[in-house]
Structures are given as structure tokens and as C-alpha cells.
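Spelled out from the first residue to the last, the chains are:
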Amino acid sequence: MRDCGECQVCCWLYCIPELDKPPRTNCKHQCASGCAIHEQPRPPICTDFVCCWKKLDWPEELRPDKCHVVFSDCHCGKNGRRIFVAVQANPYARLRRDVKGWAEQLARRGHLFLFTYEGEEGPEYAGLFNERLYPGCSAQALLDIVTSLDSGGIQQVRDWHARHGGDAPDAG
Ligand code: SF4
Ligand code: SF4
């Protein structure tokens, strides 16, 4: 897997209740080399999270500190269709040419992008890219599902795929 390089966006972007950290603020443990407590016990999101740019070797210009969006993939259907959650560092990052072009390219292969923007009081924006391919799926409903990956949420995604002809995502 590639290195994060100078990017530290996920340590700034996400809310981490265990660290009392609101969204879009620096974590108190950030340092020049990344995380000052990397070898110590950390919240699960810190030890488990890897963004799509890093994991899937996406184009260099989509490194989150360059494109202002952190992409993660939450569900993968048996035919390879994925649901990518794209959390914007600013509310208009989805309109950037590089971000939009990439979403269009992957949408043509059947993938779904859920763009979100997290405000002080919770989600302020949730919108689907590729609504034509995924009709009848409300962005807020999908957001609720992917942010609560419990068995009920997975069943809801299965039901939705069944209604609209896609493959069910793998559980877990
Ligand atoms: S957003 Fe991705 S590339 Fe940036 S620090 Fe997090 S895991 Fe690394
Ligand atoms: S504890 Fe480390 S990995 Fe977790 S958000 Fe803070 S700097 Fe990032």
C-alpha cells in the first residue's frame, strides 16, 4: 500500500468522539510525521481507516489533501459495484473537475458515489452521483445506512439492491 505522503486530511476531517474531536479540526496528536501516538493504543477509526486513494492506488491528483475529498468504500456487490462515500472537506469539492471527472468515470462502470458534508450539527449535505443508475434511493437513507453498519443496515442495503436489480453487498 502506498504512503500517505504529506496528507493528513482524515486526521482533520472526521469527528472522533473517543478523542473529543469535532469534524474539521486538527487532532491533538497530529505531528509533522503524521501521528505522534502511532505506536500507542488509538481509537479503532485511527487504526482501521484507509482511504481509497491509498488503498486502491487512485490517481495522484485525488490524494485527499489535493482534491479536498476523502473517499472510502463501504459496500461491494458481487458484480463488483461499489458504494463510495465521499466526505468533502469543503461543501463544493464535488464540483471540482478532477473529482467530478473521476466520479463520472467510475459511475459509468456502475459504481455509486455518495457525497456528504458534515457540519457542526451533523450532515449538512448528502447527495448521490449516478441517480439514473440507482433510482429510488434517497441520499439520506443511504447515508444513514452506511454510517451505521449494523446488521439492520446491511439488510436494508440488500433489500434496496433486490428492489433495483443490483447484487447484494457482502456482509461485514
Ligand atoms: S486521507 Fe488517506 S492519504 Fe490522507 S492521511 Fe488519511 S489515509 Fe492517508
Ligand atoms: S490519534 Fe493519530 S491517527 Fe488518530 S486522528 Fe489523531 S493523529 Fe490521526
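The structure we're discussing is the one just above.
An account of the accompanying structure is given in this report. Keep in mind it's a predicted model, so treat the numbers as computed, not measured.

## Quick notes on unusual backbone geometry
- Its identity is not glycine, yet Arg24 carries a phi of approximately 55 degrees, on the positive side.
- Position of Arg24 among the secondary structure elements: in the loop between helix 1 (9-13) and strand 1 (30-31).
- Arg24 gets classed as partly exposed once you count the C-beta atoms within 10 Å, which come to 16.
- Although it is not a glycine, Asp57 adopts a positive phi angle of roughly 60 degrees.
- Tracing the backbone shows Asp57 in the loop between helix 3 (52-55) and helix 4 (64-67).

## Remarks on the site of ligand 1
- Neighbouring ligand 1 are the residues Cys4, Cys7, Gln8, Val9, Cys10, Val50, Cys51, Trp53, Lys54, Arg63, Pro64 and Val70.
- Among the elements of the structure, helix 1 and helix 3 are those that each provide at least two residues to the shell around ligand 1.
- In the shell around ligand 1, the residues fall into nine nonpolar, one polar and two charged.
- Mapping the shell around ligand 1 onto the domain boundaries places at least three of its residues in each of domain 1 (7-41) and domain 2 (50-164).

Rules of the game
- Residues numbered from 1 in each chain as written.
- Chains lettered and ligands numbered in written order.
- Predicted model: local features only at pLDDT ≥ 70, side-chain atom pairs only at ≥ 80, totals over all residues.
- Helix = DSSP H or I, 4+ residues; strand = E, 2+ residues; numbered from the N terminus.
- Buried ≥ 20, exposed ≤ 12 C-beta atoms within 10 Å, placed from the backbone.
- Near = placed C-beta within 6 Å.
- Nonpolar A, V, L, I, M, F, W, Y, C, P; charged D, E, K, R; others polar.
- Domains from an automatic or database assignment.

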